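Coordinates in review
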Amino acid sequence: MDIKPILVALSRHRIAASLITLEIALACAVLCNALFLAVSRMDLIGMNSGVDESRVAALSLDDCDGCQPAELNGRWLQQLRSQPGVQAVGVVNAVPFGQRAGTAGISLDPEGKHFGGVPHFYLLDPGAIDVMQLKPVQGRSFTDGDFQPVENYLPESAQVWITRALAAHLWPGESALGKQFWMSSNRFTVAGVLENFARPDPGRSESGVASAQWSVIVPVLTHAQSGTYVLRADAADLPAIIRDAVAAASKVTPEAILSSDYSATLAQLRDTYFRQDRAMTRLLLGVCLAMLLVTALGIIGLASFWVQQRTKQIGIRRALGATRRQIIGYFQTENLLLTGFGIVLGMLLAFAGNQVLMHYFEIDRLPLYYLPVGAVLLLLLGQVAVIGPALRAAAIPPIVATRSV
C-alpha cells in the first residue's frame, strides 16, 4: 500500500498522532525497564543459595553480655547435639538470607589502590562446613591447620574459599586459585572456589543484584565466635527440633535472648527475606499490564475517533471500488507507522531511563534484547487493538457513508 496518502492524512492530525506516538514511546520505555526489573527480581528470588535449605536451620542469639564464647558454645552445642534427629551442628557468624555480619570492602593489592568490591565474609567452623556440606568445585578442602582464631574481626592471614561469581568479578578469565586479596591489613589466599553460596543480603548490598553471590568463606576455630548456630537434620524433623531449641533457650542461656526472626530453617529465612521482592515483582508485572492496557485503549480510542471523522471518505473509497480488506489494511498500516515511530522513540527513552536507574539505584545495565521484545509486544498490541475500529470502518455501506455528500 502507498503510504504517502497515509502520511498526508496523519499530518492533518498532528496533535492526535503525536499524543498516541508519545504514549507508545512511554509504554515502550516503561515496559522494557519494568520487564527487566521483574525478571531480575525473579532470578534473584530463585537463586541457588549453595545449601540444602530444607535440611539446614539457624539459631541466633540477639545478645549475651559478658558471655564467654567457649562456655556459651559449649552449652548450645551440647543442647543441640542432644536433640533427636540432629545430624551435625556448627558455629557461624551468619547464614544466607539471615543477618548480615561480615560485609567489608576488599582490594587486590596491599596498598588498597585496586578496589575489588564489597563481598560478605562468612566465618565457619569445621562443624558449620559439615552442616552446609560445602565442597569446592575448584581447589582443595580446608585442612585442620586452616582453622584459626580471630583477631578483632578476621584472621590476619587465612586460606579461604570464594564463590565463582566473586572469582569472575575479581579475576575475569583467570583462575582464582592461589590469588590473594586484602581487607585492610588482612591477607587472604584463595584455596578453593564454590559454585554457589549466597550472601545474607542478596540484592540489598552496595552492588545490588550483581553481588548476590559475592561470598568469602573463612575457616575459624569453633570458639573464635559465638551466638549463631547451624544444624542439619531431615526436613521432617527440623520444625520439632527448632521448636524444642527455642523452648529450651531460657534454660540453656537465661542471660541471652534467642532471636525469633532468625531462628528458622534456611527455607523459611529465604521466604521471609524475599517477601518484599515478590511483592515488587507483582507490582512491576502489574505496571507492564497496565501500560499495555492503557496503550491499547489509546489506540482503540484514536482509531475509533478517526473512523467517525472519515466516514464519508471511507464511503467514497468504497464507492470507487476499495475493498473491505483495503480499508482494514489502511488503518493497520496507519497504526503500524504510529507504533513504529513510537517504538523508536521509546527505545531511546528506555535506554536513557536505564541509565538513570543505574546511577541512582545500582541496577544492572538493560540488556539490548529487551528492546526488540518490547517492540514486538507493542507492535502486536497495536495491530490487535486497531482491528475492531478497522472492521467497523470496512463494514460501513457506501450508500450510508455518502448519503450527505
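These figures come from a predicted structure and were not determined experimentally.

**A word on the overall build of the protein chain**
Within the protein chain, the regular secondary structure consists of 12 helices and 13 strands. Over its C-alpha atoms the protein chain spans a radius of gyration of 31 Å, topping by over 25% the 22 Å that the globule rule assigns to 405 residues. Overall, the protein chain is about 100 × 50 × 35 Å in size when its C-alpha atoms are taken along their principal axes. Within the span of the protein chain, comprising 405 residues, buried residues form 49% of the whole. Excluding contacts between residues fewer than 6 apart, the proportion of contacts in the protein chain whose partners are at least 24 apart in sequence is 81%. Carbon together with sulfur atoms contributes 60% to the accessible area of the protein chain, which is approximately 19500 Å² in total.

**Side note on the packing of helix 2 (residues 14-45) against helix 11 (residues 370-394)**
Relative orientation of the contacting elements helix 2 and helix 11 amounts to 125°, with a least axis distance of 9 Å. Here helix 2 lies oblique to helix 11, going by the angle between them. For the element pair helix 2 and helix 11, the recorded crossing hand is right-handed. Within the contact between the two elements, helix 2 uses I24, A27, C28, L31, C32, L35, F36 and V39 and helix 11 uses Y370, L371, G374, L377 and L378. By residue class, the composition of the contact of helix 2 with helix 11 is 12 nonpolar, 1 polar and no charged.

**Quick look at a nonpolar patch on the surface**
On the surface, a cluster of nonpolar side chains totalling about 360 Å² of accessible area is made up of L22, L345, L348 and L349. Here the element with the most residues in the nonpolar patch is helix 10 (residues 324-361); it accounts for 3 residues. As for its placement among the helices and strands, L348 is situated in helix 10. Overall, L348 belongs to the exposed group, its relative accessible area being 59%.

Conventions we followed
- Residues numbered from 1 in each chain as written.
- Predicted model: local features only at pLDDT ≥ 70, side-chain atom pairs only at ≥ 80, totals over all residues.
- Heavy atoms only, no water.
- Helix = DSSP H or I, 4+ residues; strand = E, 2+ residues; numbered from the N terminus.
- Rg over C-alpha atoms; globule rule 2.2 N^0.38 Å.
- Buried < 20%, exposed > 50% of the residue type's maximum accessible area, 1.4 Å probe, protein only.
- Contact = heavy atoms within 4.5 Å.
- Areas by Shrake-Rupley, 256 points an atom, 1.4 Å probe, with all protein chains shown as cover.
- Axes fitted to C-alpha atoms, helices over the stretch in contact; angles between N-to-C directions.
- Parallel < 35°, antiparallel > 145°, perpendicular 65-115°, else oblique.
- Left-handed = near helix turned anticlockwise from the far one by under 90°.
- Nonpolar A, V, L, I, M, F, W, Y, C, P; charged D, E, K, R; others polar.
- Patch = residues over 30% accessible without salt bridge, like charges linked within 9 Å, V, L, I, M, F, W, Y side chains within 5 Å.
- Salt bridge = Lys/Arg side-chain N within 4 Å of Asp/Glu carboxyl O.

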